[in-house]
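A structural walkthrough
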Amino acid sequence: LIAPETITKFRKGVAALHSVPSSSEHNHTLNSRRVMDACVALVQIDFRKRPKAQIELMREMEASPMFRVSKRELARLAGIVGKNYERIELVMEKLHEMLINWNVLGEDSSVEWRMTSRFISSYGIGTGRFEGMVCFALDPRVLNIILEPRFWAQLSLENVLHKLGTEPSYMLYQHAWRYIGTTHKVTADFPVATWIELLLGNSRHVKIDPVSSEKRVVDYNDFKRRTLLPSIERINNIGALNHTLELKEHRSGAKVLRLQFKFISKKQQTMDLPLSWPEGL
């Protein structure tokens, strides 16, 4: 697989956006998130070249082909700089071991299906004439999420995602971005525990109540100070974006129950006119 040099956009299913590793030992790093998204883009590029009948047959048989790509190409698409491609091998191993919970959402942001699977079902490292290559296959159900998501977001691989230096800011951008086209320019107002899991995976800030099995937020103010506000600041400091994010906290008394983000249009310093998002994003 070779991705076009000019690729800027890829489609990502909302269920993929809302995927969280099932255990803290397998939590994502920024590089594993980037490589996961690069794999998604490569799969989409590959399937554009395949006959429709072949694609339908694979769906019917719940099969995934083996995708081959050079470590250099995968690193380029993932925005991982340098020539130490052993990092790619380590990330592929991590993604193969990672058991992921996928929340397939409805339009009202409620979870319709809770699915657990691996992202990569098998992978290989090339030797001999395949030196410098990696290959991978996806879980067939994950492949369906990638190719025909019920709800999806169109995201930028190059213009924005590579400029975000932390995994929480990377994920906040992705989750917020899919709402940019809404009439009121606001995201869904998810519970605080949901936002914490989406940005951090499994962490000390979300505990399961042993009696009710409900999720309980621990030390929200620390999460806000150490993770949420710095992530918002990183996104808002990207000059290529013509909107900033504004945090909305929905409370019950003094307790914050749900979080939401509003898009605020930046204004030109000289003409004082609102700008739109760049055409390529």
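Just so you know, these numbers come straight off a predicted model, no measurement behind them.

To continue, consider the overall build of the protein chain. Check the secondary structure of the protein chain and you find 9 helices and 13 strands. Out of the 281 residues in the protein chain, the part that is buried amounts to 46%. At a minimum sequence separation of 6, the contacts of the protein chain that also span at least 24 residues come to 66%. Surface summary for the protein chain: the accessible area is close to 14400 Å², and the carbon and sulfur share equals 50%.

What follows concerns the pairing of strand β13 (residues 255–265). Bridge analysis of strand β9 (residues 190–191) against β13 gives 2 bridges, and the strand direction is antiparallel. Within β13, the residue paired with P191 across the bridge is R258. In this structure, the hairpin formed by strand β12 (residues 243–252) and β13 is closed by a connection of 2 residues, where G253 is found at a positive phi of approximately 70°.

As a further point, take the pattern of salt bridges. For the structure shown, the criterion picks out 15 salt bridges. With a shortest N-O distance of 2.8 Å, R76 and E73 are connected by a salt bridge. Placement of both R76 and E73 in helix α4 (residues 71–78) is noted, with a separation of 3 residues, approximately one turn of the helix. A relative accessible area of 26% places R76 in the partly exposed class. When the shortest N-O distance is used, the salt bridge between R225 and D222 registers 3.1 Å. On the criterion of helical spacing, the pair formed by R225 and D222 is a turn pair, its members being 3 residues apart in helix α9 (residues 220–236). When its relative accessible area of 52% is taken as the criterion, R225 is described as exposed. Because the salt bridges share partners, they merge into one network encompassing R204, D219, D222, R225 and R226.

We now examine the environment of F263. Mapped onto the fold, F263 is located in strand β13. A C-alpha to C-alpha distance of 5.0 Å links F263 and L245, two positions 18 residues apart in sequence.

Right, let's talk about the sheet that holds strand β3 (residues 67–70) for a bit. Overall, antiparallel pairing links the 3 strands, which are arranged β3-β7-β6 in an open sheet. Pairing within the sheet leaves two strands with one partner each, and these edge strands are β3 and β6 (120–125). If you compare each strand with its neighbour and ignore which way they point, the axes differ by 20° on average. Those strands touched by helix α2 (residues 30–48) are β3 and β7 (133–138), and its axis lies near 120° from that of β3. Running over the sheet, α4 touches β3, β6 and β7 and is turned about 85° from β3.

A separate point is the packing of aromatic side chains. Across all of its chains, the model carries 6 aromatic pairs by this definition. Plain terms: the ring middles of Y173 and W177 are 6.1 Å apart, the flat faces sit at 15° to each other, and that makes the pair stacked. Here Y173 pairs with W177, and both are found in helix α7 (residues 167–177), just 4 residues apart, close to one helical turn. On the basis of relative accessible area, W177 is assigned to the buried category, the value being 7%. Seen in terms of ring centroids, Y220 and F223 are 6.4 Å apart; in terms of plane orientation they differ by 45°. Their pairing is tilted. Within this pair, Y220 and its partner F223 are both found in helix α9, separated by 3 residues, close to a single helical turn. Within the aromatic cluster, the residues linked to one another by ring pairs are F47, F67 and F136. Between R50 and the ring centre of F47, over which it is positioned, the NZ or CZ distance is 5.3 Å.

Conventions we followed
- Residues numbered from 1 in each chain as written.
- Predicted model: local features only at pLDDT ≥ 70, side-chain atom pairs only at ≥ 80, totals over all residues.
- Heavy atoms only, no water.
- Helix = DSSP H or I, 4+ residues; strand = E, 2+ residues; numbered from the N terminus.
- Buried < 20%, exposed > 50% of the residue type's maximum accessible area, 1.4 Å probe, protein only.
- Contact = heavy atoms within 4.5 Å.
- Areas by Shrake-Rupley, 256 points an atom, 1.4 Å probe, with all protein chains shown as cover.
- Pairing = 2+ DSSP bridges.
- Salt bridge = Lys/Arg side-chain N within 4 Å of Asp/Glu carboxyl O.
- Axes fitted to C-alpha atoms, helices over the stretch in contact; angles between N-to-C directions.
- Phe/Tyr/Trp six-rings, centres within 6.5 Å; stacked < 30°, edge-to-face > 60°.
- Lys NZ or Arg CZ within 6 Å of the ring centre and 35° of its normal.

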